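# Survey of secondary and tertiary structure
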Amino acid sequence: MNALRVFAHIVLQHGVLRYSSTTSNLGNSVRNKLKVSSKQLAKPQPIDILNNLCHEERLNRHVLTAHHEGVASHAKRRKSKSCGAAIAGKNIIFVAGLGGIGMDTCRQIVKRGPKNLLIFDRLDKPDYITELQKLNPKTKVAFYSYDVTVPLSKSKELLQEVFEKYETIDLLINGAGIMDDHQIEKTIAVNFTGTVNTTTAIMDFWDYRNDGPGGVIANICSVTAFYPNCQVPVYCASKAAVFSFTVSLALLAPVTGVTAYSINHSITRTTLGQNFNSWLDVGPCITEKLSDTPSQSTAQAAKSFVKAIEANKNGAIWKLEQGKLEEVKWTGFN
Ligand code: NDC
């Protein structure tokens, strides 16, 4: 078991380091790699300490000692690659690129000249693809039918097909989402598991440890991930889960070569909330309430979105509200 798996295990133990003497061999090997004293491992530690252990330098040290030398050159290659533009000339996958937020963001992306924009969506809207293609004939726009709730093996098959054709993918945007708190399992399947599975599938092709080149992930979460709306707690919790997953991805970047940041929209005028139900019908008038609250258009949100993509900042938490882009400071680890 490698140290990362151990980390994951520890995280699940209520956010504290719990190592008993029965795991001494494993404990010693982790200790040696991470230079953690036995005193530290024996005592339960707050999650802050765990995340400090995940600090870039320590993980880099682990990667460099635990894996072959090629990893170092990957890291250098990735560093030099990330200096350039994050959209122009790149190959981009946009999951849910044909929804309200997705389509306007695709319009902005295409204008910035990626090499290929691959739209994965459950919706099939050929007119939208034609429109995007016309916006910039130099960018190739392609559509792939994709439901994020398919089993992980199917996501991997689709990505295998895509990597065989395009060889490299630089950016994956995960944007599939539904808001209907009567559909609890589906909400979690689309909003959370779908994002995790698509991310897991692309790791086969990107992860440094598979000799991959690394990559960038932009996960669409929501401001409700950190300001929950109690009328749709299932939706908010699913978004909080994607948000947490994204924070972890960013912390793992020195190991995997895959950087990540979250895109958190505030109320944006789309059809997302049109037919939605609140959990246990606690807030049946929420649709009207939302429409009375200050909001932004999808065109405004799209401009902020591409600015965040261009900033290309690992671990960034972007809030997109009323036409403004703001980086939120996460104090959870301080
Ligand atoms: P819209 O319904 O137009 O788009 C949803 C997209 O997800 C479409 O492309 C669907 O085809 C795709 N999709 C749904 N199910 C699947 C599936 N099984 N497989 C593949 N694709 C699927 O809604 P939208 O454009 O507003 O939403 C796009 C993303 O932004 C979603 O992840 C939302 O959760 C997220 N978002 C939207 C808003 C908003 O105000 N419109 C917000 C935050 C995040 C919100 O959360 C309510 C409270 C205030 C903030 C707000």
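This write-up is about the structure you can find in this document. Just so it is clear, the model here is predicted, and its values are computed rather than measured. (Residues numbered from 1 in each chain as written. Predicted model: local features only at pLDDT ≥ 70, side-chain atom pairs only at ≥ 80, totals over all residues. Heavy atoms only, no water.)

## As for a nonpolar patch on the surface
A surface patch of nonpolar side chains, amounting to about 460 Å² of accessible area, comprises Ile184, Ile188, Trp279, Leu280 and Val282. Tracing the chain through its elements places Trp279 in the loop between strand S6 (258-265) and helix H13 (286-292). (Patch = residues over 30% accessible without salt bridge, like charges linked within 9 Å, V, L, I, M, F, W, Y side chains within 5 Å. Areas by Shrake-Rupley, 256 points an atom, 1.4 Å probe, with all protein chains shown as cover. Salt bridge = Lys/Arg side-chain N within 4 Å of Asp/Glu carboxyl O. Helix = DSSP H or I, 4+ residues; strand = E, 2+ residues; numbered from the N terminus.)

## What to know about the packing of helix H7 (residues 100-111) against helix H14 (residues 298-311)
The geometry of H7 relative to H14 is characterised by a closest axis approach of 8 Å and an angle of 55 degrees between their N-to-C directions. The orientation of H7 with respect to H14, classified from their angle, is oblique. Every pair of crossing elements has a handedness; the one defined by H7 and H14 is right-handed. Contacts from Gly100, Ile101, Asp104, Thr105, Gln108 and Ile109 in H7 reach Thr298, Ala299, Ala302, Lys303, Phe305, Val306 and Ile309 in H14. A per-class count over the contact of H7 with H14 returns seven nonpolar, four polar and two charged. (Axes fitted to C-alpha atoms, helices over the stretch in contact; angles between N-to-C directions. Parallel < 35°, antiparallel > 145°, perpendicular 65-115°, else oblique. Left-handed = near helix turned anticlockwise from the far one by under 90°. Contact = heavy atoms within 4.5 Å. Nonpolar A, V, L, I, M, F, W, Y, C, P; charged D, E, K, R; others polar.)

## Overview of the site of the ligand
Lining the immediate surroundings of the ligand are 29 residues, of which Gly100, Ile101, Asp121, Tyr235 and Thr270 lie closest. Note that an oxygen atom of the ligand is positioned 2.9 Å from one of the side-chain N or O atoms of Ser222. Here Tyr235 contributes a side-chain N or O atom positioned 2.6 Å from an oxygen atom of the ligand. About the coverage of the ligand: the protein hides 93% of its 910 Å² of free accessible area. For the shell around the ligand, the secondary structure elements donating two or more residues are H7 and helix H11 (233-251). Considering only residue class, the shell around the ligand consists of 14 nonpolar, eleven polar and four charged. (Near = heavy atom within 4 Å. Polar contact = N/O pair within 3.5 Å; in protein donor to acceptor, adjacent residues only side chain to side chain.)

## Remarks on the environment of Gly315
Structurally, the position occupied by Gly315 is in the loop between H14 and strand S7 (317-321). Assessed through its relative accessible area of 38%, Gly315 is described here as partly exposed. Leaving out residues up to four positions away in the same chain, Gly315 has contacts with Ala250, Ala260 and Tyr261. (Buried < 20%, exposed > 50% of the residue type's maximum accessible area, 1.4 Å probe, protein only.)

## A closer look at a positive patch on the surface
Residues Lys111, Arg112, Lys303 and Lys307 make up a contiguous surface patch of positive charge. Within the secondary structure, Lys307 sits in helix H14. (Lys, Arg positive; Asp, Glu negative; His and termini not counted. Charge placed at Lys NZ, Arg CZ, Asp CG, Glu CD.)

## With respect to the sheet that holds S6
Read from one edge of the open sheet, eight strands run S3-S2-S1-S4-S5-S6-S7-S8, paired in mixed fashion. Two strands in the sheet have a free side with no partner beyond their single neighbour: strand S3 (140-145) and strand S8 (324-327). Taken pair by pair, the neighbouring strands of this sheet meet at an average axis angle of 20 degrees, ignoring direction. With four bridges connecting them, S6 and S7 associate as parallel partners. Within the sheet, the bridge partner assigned to Ser262 lies in S7 and is Ile317. (Pairing = 2+ DSSP bridges.)

## Describing the side chain of Asn264
Checked against the element boundaries, Asn264 lands in strand S6. Polar contacts involving the side chain of Asn264 include one to the side chain of Ser262, which spans 3.0 Å. Non-local contacts of Asn264, meaning those with residues more than four positions away in its chain, are made with Cys221, Ser222, Val223, Phe226, Phe243, Ile317, Trp318, Lys319 and Leu320.

## Side note on unusual backbone geometry
In this structure, Glu167 is a non-glycine residue whose phi angle is positive, near 65 degrees. Phi angles above zero are rare outside glycine, and Asp281 is one such case at about 55 degrees. In this structure, Asp281 sits in the loop between S6 and H13. Owing to a relative accessible area of 48%, Asp281 belongs among the partly exposed residues under this scheme.

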